[in-house]
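Chain and residue survey
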Amino acid sequence: MALSVCKAIGVAQTLGVVWTVYEVAQAGVVSVRRRSFRPLMVEGAGQAGGWAAGVAGMKAGCKIGIVAGLKTGPGALVTGAIGAGIGGLVGYVAAGRLAERALPGRPAGDGASVPTTV
């Protein structure tokens, strides 16, 4: 059981890193097109915030999930893993939304960019 949970976490982390590389590469393309470092810097700040919030959400979700599943005994591991997944996803998405509002000019996921006033 523990080995399969570790493998699932490893797969999720690998997918996250691949997605981060893709998004930063898209920001690099926009930076070259605009001849400005700003889109790349903004995306980097958004990614750093996303990973930090994702880890924080994962830790909080895991703790909440374990507490919620304490009565089930071994089921606490399952509820903890589910809570970690949900908390991490919520943290990452919330940080992305905040970055979109706070950092105008962050490239959208389709390679286009959000218009800026600067």
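Summarised in this report is the structure supplied together with it. (Residues numbered from 1 in each chain as written. Predicted model: local features only at pLDDT ≥ 70, side-chain atom pairs only at ≥ 80, totals over all residues. Heavy atoms only, no water.)

Quick word on the packing of helix 2 (residues 38-68) against helix 3 (residues 75-102)
Inclusion rule: The convention used is that axes are lines fitted to C-alpha atoms, helices contributing only their stretch in contact, and that angles between N-to-C directions extend from 0 to 180 degrees. In this text, helices come from DSSP runs of H or I with a minimum length of four residues, and strands from runs of E with a minimum of two, each type numbered from the N-terminal end. Should an angle lie under 35 degrees it is considered roughly parallel, over 145 roughly antiparallel, and from 65 to 115 roughly perpendicular; all remaining angles are considered oblique. For a crossing to be left-handed, the near helix must be turned anticlockwise from the far one by less than a right angle; the clockwise case is right-handed. Each residue gets one label: Ala, Val, Leu, Ile, Met, Phe, Trp, Tyr, Cys and Pro are nonpolar, Asp, Glu, Lys and Arg are charged, and the others, such as Gly, are polar.
At a minimum axis separation of 6 Å, helix 2 and helix 3 run at an interaxial angle of 150 degrees. By the criterion of interaxial angle, the relationship of helix 2 to helix 3 is roughly antiparallel. Crossing of helix 2 against helix 3: the hand is right-handed. Considering only residue class, the contact of helix 2 with helix 3 consists of ten nonpolar, 14 polar and no charged.

Here's the deal with the packing of aromatic side chains
We apply this condition: Within 6.5 Å between ring centres, the rings of Phe, Tyr and Trp (the latter by its six-membered ring) count as paired, and their orientation is classed by plane angle as stacked under 30 degrees, edge-to-face over 60, tilted in between. Accessibility here uses a 1.4 Å probe with only protein chains present; expressed as a share of the type maximum, an area under 20% marks a residue as buried, one over 50% as exposed, and anything in between as partly exposed.
The full count for this structure, using the stated rule, is one aromatic pair. With a centroid separation of 5.3 Å and an interplanar angle of 35 degrees, the aromatic rings of Trp19 and Tyr22 are classed as tilted. Separated by three residues within a single helix, Trp19 and Tyr22 lie in helix 1 (residues 2-34), roughly one turn from each other. With a relative accessible area of 43%, Trp19 lands in the partly exposed category. Tyr22 gets classed as partly exposed once you look at its relative accessible area, which sits at 35%.

Notes on helix 2
The condition that has to hold: To estimate the expected span of a helix, count its residues, drop one, and scale the result by 1.5 Å.
With 31 residues, helix 2 extends 44 Å between its outermost C-alpha atoms, agreeing within 8% with the 45 Å of an ideal straight helix rising 1.5 Å per residue. For helix 2, the complete set of buried residues consists of Pro39, Val42, Glu43, Gly46, Gln47, Gly50, Gly54, Gly57, Gly61 and Gly65.

A look at the layout of surface pockets
For clarity, the threshold we go by: A pocket, in this scheme, is an open set of points on a 1 Å grid over the protein atoms alone with protein on both sides within 12 Å along at least 5 of 7 lines, while a cavity is a set where a 1.4 Å probe fits but cannot get out; residues line either one if an atom lies within 4 Å of a point. Grid points are joined across faces, edges and corners, and a volume is the space filled by probe spheres set on the points.
Taken as a whole, the largest pocket encloses approximately 790 Å³ of empty space. What lines the largest pocket is a set of 26 residues, and nearest its centre among them are Ala12, Met58, Ala84, Gly85 and Gly88. Elements with a contribution of two residues or more to the lining of the largest pocket: helix 1, helix 2 and helix 3. By residue number, the principal contributor to the lining of the largest pocket is helix 3, which donates ten residues. Here the residues of the lining of the largest pocket sort into 18 nonpolar, eight polar and no charged.

Digging into helix 3
The test is simple: The contact rule is simple, with two residues in contact once any of their heavy atoms fall within 4.5 Å.
Helix length check: helix 3, at 28 residues, gives a terminal C-alpha distance of 40 Å against a target of 40 Å (1.5 Å per residue), a fit within 8%. Of the positions making up helix 3, those classed as buried are Ala76, Gly80, Gly83, Ala84, Gly87, Gly88, Gly91, Ala95, Gly96 and Ala99. Looking at the buried residues of helix 3, the elements they touch are helix 2.

Section: unusual backbone geometry
Phi at Arg35 is positive, roughly 55 degrees, even though this residue is not glycine. Within the secondary structure, Arg35 is located in the loop between helix 1 and helix 2. Of the residues examined, Arg35 reaches a relative accessible area of 79% and is grouped as exposed.

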